[in-house]
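Working through the structure, step by step
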Amino acid sequence: MLTDYHVHLRRDGPEHLAEEAFTPANAERYQEVASERGIDTLGVSEHVHRFRQALDVWRHPFWEQSARDDLDAYCEFVREQTSLSLGLEADFVPGTEDRMASLLEERDWDYVLGSVHFLSNRALDMEGEWDVWRVGDPEKVWTRYFETLGEAARSGLFDVLAHPDLVKVWGDPARRPARDLRFYYDVAMDGIAESDVAIEVSTAGLRKPVGEIYPARDFLEMCLEAGRPVALSSDAHTPNDLAYRYDEALEYLDSLGIDRIAVFERRQRRLEPISR
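Quantities reported herein were computed from a predicted structural model and do not represent experimental measurements.

Focus: helix α8 (residues 217–225)
Residues of α8 that are buried include every one of Phe 219, Leu 220, Met 222 and Cys 223, and no others. What you see down the axis of α8 is that its buried residues fit within an arc of 155 degrees, all on one side. Residues of α8 that are buried make contact with α6 (138–155), α7 (182–193), β8 (198–202), β9 (230–233) and α9 (246–255). With its phi angle positive at about 90 degrees, Gly 227 sits one or two positions after the end of α8.

Rendered as structure tokens:
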């Protein structure tokens, strides 16, 4: 079994529209490439901030700029016009848990990815006006990031923690604290250990400035020691991104003794042997 659950049919940028992305023809393009690359289960998990209903959860200016699509129309399209698994990439924003829970519980997902893209109103992976690194000290940013990640796990809102060490995305030594990174990872571990969440191993980091898989080996080892299973994804935003450099991901998993990955249906998880 090979999966790719962290997949976006709609590319980033305001010029890319739902009317172009959420079509049977576009979904078929993704499914054809996934089949060619040995993916047995393909899901789609669009960003929650793309949808108008997300503004009932949080009204960050970036979300207000982005929230143009209808969430229920997206769900109906995936369920009725494709064979894709239905997912959502939902941000964890402390203080909005009840509102996010309502948005999620009203719809019939196969899985929900939980991401931490923002600390307060500052973005980790978006340069410009909202960039946390314009004002952020690495020690404080990394500590707060992993505190928030632990809270996300503990919330019970999510089936998978997506790109769980996203804070490293820029690969810039000036944005990395001096002390052993395991100190920061440990901040998240109580929440992760107390949860039932899976940990995403994502090859997306290989396409980013950091140039490495999410998460780092030390972090993933700590998650495995806490009893957490693994989900495998690429964070594809185009068909060509699907299963991106999975050969390296599979070597990584094998080196850690991981021989099963999480598979989801109607928010029920099972573990399946990895295809090699």
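Observations concerning the sheet that holds β9
In spatial order, the strands read β1-β2-β3-β4-β7-β8-β9; together these seven strands make up an open sheet with parallel pairing. Of all the strands in the sheet, just β1 (3–4) and β9 have a single pairing partner and so form its edges. Relative to strand β7 (residues 160–161), strand β4 (residues 111–115) is paired through two bridges, and the arrangement is parallel. Its bridge partner lying in β7, Gly 114 is registered against Leu 161.

Some remarks on the layout of surface pockets
Of the voids in this model, the largest pocket is the one considered here, and its volume is about 680 Å³. Asp 12, His 47, His 49, Phe 62 and Asp 125 are, among the 31 residues lining the largest pocket, the residues nearest its centre. Listed by contribution, the elements that provide at least two residues to the lining of the largest pocket are α3 (61–66) and β3 (85–91). Quantified by volume, the second largest pocket comes out at close to 250 Å³. Taken together, 18 residues form the lining of the second largest pocket, with Trp 142, Lys 168, Arg 176, Leu 181 and Glu 212 sitting closest to its centre. The residue makeup of the lining of the second largest pocket, split by class, is nine nonpolar, one polar and eight charged.

Some details on the pairing of strand β11 (residues 268–273)
Here strand β10 (residues 260–265) pairs with β11 via six bridges, running antiparallel. Opposite Glu 265, over in β11, you have Gln 268 as the bridge partner. Following β10, the chain reverses through two residues before pairing antiparallel with β11; Arg 266 in that reversal takes a positive phi of roughly 50 degrees.

Some thoughts on the pattern of salt bridges
Summed over all chains, the structure comprises 26 salt bridges. With its nearest N and O atoms 3.8 Å apart, the salt bridge here joins Arg 266 to Asp 110. Placement of Arg 266 in the loop between β10 and β11 and of Asp 110 in the loop between α5 (97–105) and β4 is noted, with a sequence separation of 156 residues between them. Across the pair Asp 180 and Arg 182 runs a salt bridge, and its minimum N-O distance is 2.7 Å. The class for Asp 180 is partly exposed, based on a relative accessible area of 41%.

Let's talk about the side chain of Glu 89
The topology assignment puts Glu 89 in strand β3. Arg 50 is the oppositely charged side chain nearest to the buried, salt-bridge-free Glu 89, at an N-O distance of 9.2 Å. A polar contact of 3.2 Å, which involves the side chain of Glu 89, links it to the side chain of His 47. Apart from residues no more than four positions distant in its own chain, Glu 89 is found in contact with His 6, His 8, Ser 45, Glu 46, His 47, Val 48, Leu 113, Ser 115, His 117 and His 163.

Topic: the nonpolar core
Grouped together as the largest cluster of nonpolar side chains are 105 residues, with contacts concentrated most on Tyr 74, Leu 88, Trp 109, Tyr 145, Phe 146, Leu 149 and Ile 192. Of all the elements, α6 adds the most residues to this core, at seven residues. Once residues within four sequence positions are removed from consideration, Tyr 74 is found in contact with Phe 22, Val 44, Ser 45, Glu 46, Phe 51, Leu 86, Gly 87 and Trp 109.

Here's the deal with the packing of α7 against α8
Remark: α7 packs on α8, axes separated minimally by 10 Å, with the N-to-C direction vectors making an angle of 25 degrees. One element, α7, and the other, α8, form an angle in the roughly parallel class. Between α7 and α8 lies a crossing of right-handed hand. Where α7 abuts α8, its residues Arg 182, Tyr 185, Asp 186, Met 189 and Ile 192 lie against Asp 218, Phe 219, Met 222 and Cys 223.

Some thoughts on the pairing of strand β2 (residues 41–47)
Burial within β2 is extensive, with seven of its seven residues counted as buried. As judged from the two bridges shared by β1 and β2, these two strands associate in the parallel manner. Looking at β2, one finds that Thr 3 is bridged to Thr 41. The sheet contact formed by β2 and β3 spans five bridges and is parallel. Bridge pairing links Ser 45 to Gly 87 in β3.

Criteria and thresholds
- Residues numbered from 1 in each chain as written.
- Predicted model: local features only at pLDDT ≥ 70, side-chain atom pairs only at ≥ 80, totals over all residues.
- Heavy atoms only, no water.
- Buried < 20%, exposed > 50% of the residue type's maximum accessible area, 1.4 Å probe, protein only.
- Helix = DSSP H or I, 4+ residues; strand = E, 2+ residues; numbered from the N terminus.
- Arc of directions from axis to C-beta.
- Contact = heavy atoms within 4.5 Å.
- Pairing = 2+ DSSP bridges.
- 1 Å grid on protein atoms, 1.4 Å probe; cavity = no way out; pocket = protein on both sides within 12 Å on 5 of 7 lines; lining within 4 Å.
- Points joined across faces, edges and corners; volume = space filled by probe spheres on them.
- Nonpolar A, V, L, I, M, F, W, Y, C, P; charged D, E, K, R; others polar.
- Salt bridge = Lys/Arg side-chain N within 4 Å of Asp/Glu carboxyl O.
- Lys, Arg positive; Asp, Glu negative; His and termini not counted.
- Polar contact = N/O pair within 3.5 Å; in protein donor to acceptor, adjacent residues only side chain to side chain.
- Core = buried A, V, L, I, M, F, W, Y, C linked by side-chain atoms within 4.5 Å.
- Axes fitted to C-alpha atoms, helices over the stretch in contact; angles between N-to-C directions.
- Parallel < 35°, antiparallel > 145°, perpendicular 65-115°, else oblique.
- Left-handed = near helix turned anticlockwise from the far one by under 90°.

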